Amino acid sequence: MGRKRQTFSRDFKAKVALEALREESTVQEIAVKYGVHPNQIAQWKAQAVAGLAGLFERPNKKSEEDRAAESERDELLKTIGTQKVEIDFLKKKYRQIYGYEPGL
């Protein structure tokens, strides 16, 4: 029978990755110290480095996709508003000319 798969908490992973990033001891020494395979430590270290830029991003800053979607939404609402004004104008003129509502 094989060993049961280990799961580690986020805090533990962060602690190990931070220690690996400090480079005060080798990955092998850290692996022995915490009982984790060196390849796993290397993966956590790479994930930490990759995710580091996200820590400094402003939480209220909109992404490009959000800005594009919002811009498209604004354009569509503007078009709908313009069409509504035109339809109301044409209905009013129709009533003035023919004396009853169009389509009735």
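Computed from a predicted structure; not experimentally measured. Along each chain, numbering runs from 1 in the same order as the chain's sequence is written. Predicted model: local features are reported for residues with pLDDT of at least 70 only, side-chain atom pairs are reported and counted for 80 or more only, and whole-chain, interface and lining totals are derived from all residues. Hydrogens and water molecules were not included; the side-chain quantities draw on all heavy atoms of the structure.

### So, the packing of aromatic side chains
Next, step 1: Any two of the Phe, Tyr and Trp rings considered here, Trp counted by its six-membered ring, make a pair once their centres fall within 6.5 Å; the pair's planes then place it as stacked at under 30 degrees, edge-to-face at over 60, or tilted in between. If you walk through the whole model with that rule in mind, you get six aromatic pairs.
Next, step 2: Ring geometry for Tyr94 against Tyr98: centres 4.7 Å apart, planes inclined by 45°, an arrangement best described as tilted. Placement of the pair is Tyr94 and Tyr98 together in helix α4 (residues 64–98), with a separation of four residues, close to one helical turn.
Next, step 3: Here Tyr94 and Tyr100 contribute two aromatic rings whose centre-to-centre distance is 6.0 Å and whose plane-to-plane angle is 85°, an arrangement assigned as edge-to-face.
Next, step 4: Think of it in three bands: with a 1.4 Å probe and only protein chains considered, a residue is buried below 20% of the maximum accessible area for its type, exposed above 50%, and partly exposed in between. The class of Tyr100 is partly exposed, set by a relative accessible area of 43%.
Next, step 5: Among the aromatic side chains, those forming a connected cluster through ring pairs are Phe8, Phe12, Tyr34 and Trp44. Secondary structure elements are taken from DSSP: a helix is a run of H or I of four residues or more, a strand is a run of E of two residues or more, and numbering for both begins at the N terminus.

### Considerations on the nonpolar core
Next, step 1: Only buried residues count toward a nonpolar core, which is a set of Ala, Val, Leu, Ile, Met, Phe, Trp, Tyr and Cys residues joined through side-chain atoms within 4.5 Å. Among the nonpolar cores identified, the biggest contains ten residues, and these are Phe12, Val16, Ala17, Ala20, Ile30, Ala31, Tyr34, Val36, Ile41 and Trp44.
Next, step 2: Counting only elements with at least two residues in this core, the list comes to α1 (10–22), α2 (27–34) and α3 (38–55).
Next, step 3: With four residues, α1 is the largest single contributor of residues to this core.

### Section: a nonpolar patch on the surface
Next, step 1: Together, Leu18, Leu21 and Val49 make up a nonpolar patch on the protein surface, roughly 240 Å² of accessible area in all.
Next, step 2: On the secondary structure map, Leu21 appears in helix α1.
Next, step 3: Given the relative accessible area of 33%, Leu21 is considered partly exposed. Residues form patches when they are more than 30% accessible in relative terms and have no salt bridge. Like charges link within 9 Å. Nonpolar side chains (Val, Leu, Ile, Met, Phe, Trp, Tyr) link within 5 Å. Accessible surface is estimated by sampling points in the Shrake-Rupley manner with a 1.4 Å probe; for residues, cover comes only from the protein chains shown. The rule for a salt bridge is simple: a side-chain nitrogen of Lys or Arg has to be within 4 Å of a carboxyl oxygen of Asp or Glu.

### So, unusual backbone geometry
Residues apart from glycine generally show negative phi values, whereas peptide bonds are mostly found in trans.
Next, step 1: For Glu23, which is not glycine, the phi dihedral falls at a positive 60°.
Next, step 2: Inspection of the secondary structure puts Glu23 in the loop between α1 and α2.
Next, step 3: By relative accessible area, which is 58% here, Glu23 ends up exposed.

### A few points about α3
Structural remark: α-helix, 3.6 residues per turn; residues separated by three or four positions point the same way.
Next, step 1: If you check α3, its first and last C-alpha atoms are 25 Å apart, about what 18 residues at 1.5 Å a residue would give, namely 26 Å.
Next, step 2: Here the bend at each residue means the angle between axes fitted to two seven-residue stretches, the one ending at that residue and the one beginning there. The axis of α3 is deflected most strongly, by about 25°, at Val49. One fewer than the residue count of a helix, multiplied by 1.5 Å, yields its expected span.

### A word on the packing of α1 against α2
Next, step 1: Axis angles are defined between N-to-C directions and span 0 to 180 degrees, where every axis is a line fitted to C-alpha atoms and, for a helix, only to the segment in contact. Following both chains from N to C, one finds α1 and α2 inclined at 150°, their axes separated by 10 Å at the closest point. Taken together, the axes of α1 and α2 lie roughly antiparallel to each other. Relative to α2, α1 is oriented so that their crossing is right-handed. Of the residues in α2, those touching α1 at Phe12, Lys15, Val16, Glu19 and Ala20 are Ile30, Lys33 and Tyr34.
Next, step 2: Only Asp, Glu, Lys and Arg are considered charged in this grouping, and only Ala, Val, Leu, Ile, Met, Phe, Trp, Tyr, Cys and Pro are considered nonpolar; every other residue, Gly among them, is considered polar. A breakdown of the residues in the contact of α1 with α2 according to their chemical character gives five nonpolar, no polar and three charged. The cut-offs work like this: below 35 degrees is roughly parallel, past 145 is roughly antiparallel, 65 to 115 is roughly perpendicular, and the gaps in between are oblique. Definitions for this section: a left-handed crossing has its near helix turned counterclockwise from the far helix by less than a right angle. A right-handed crossing has that turn clockwise. Between two residues, a contact is recorded if the distance between any of their heavy atoms is within 4.5 Å.

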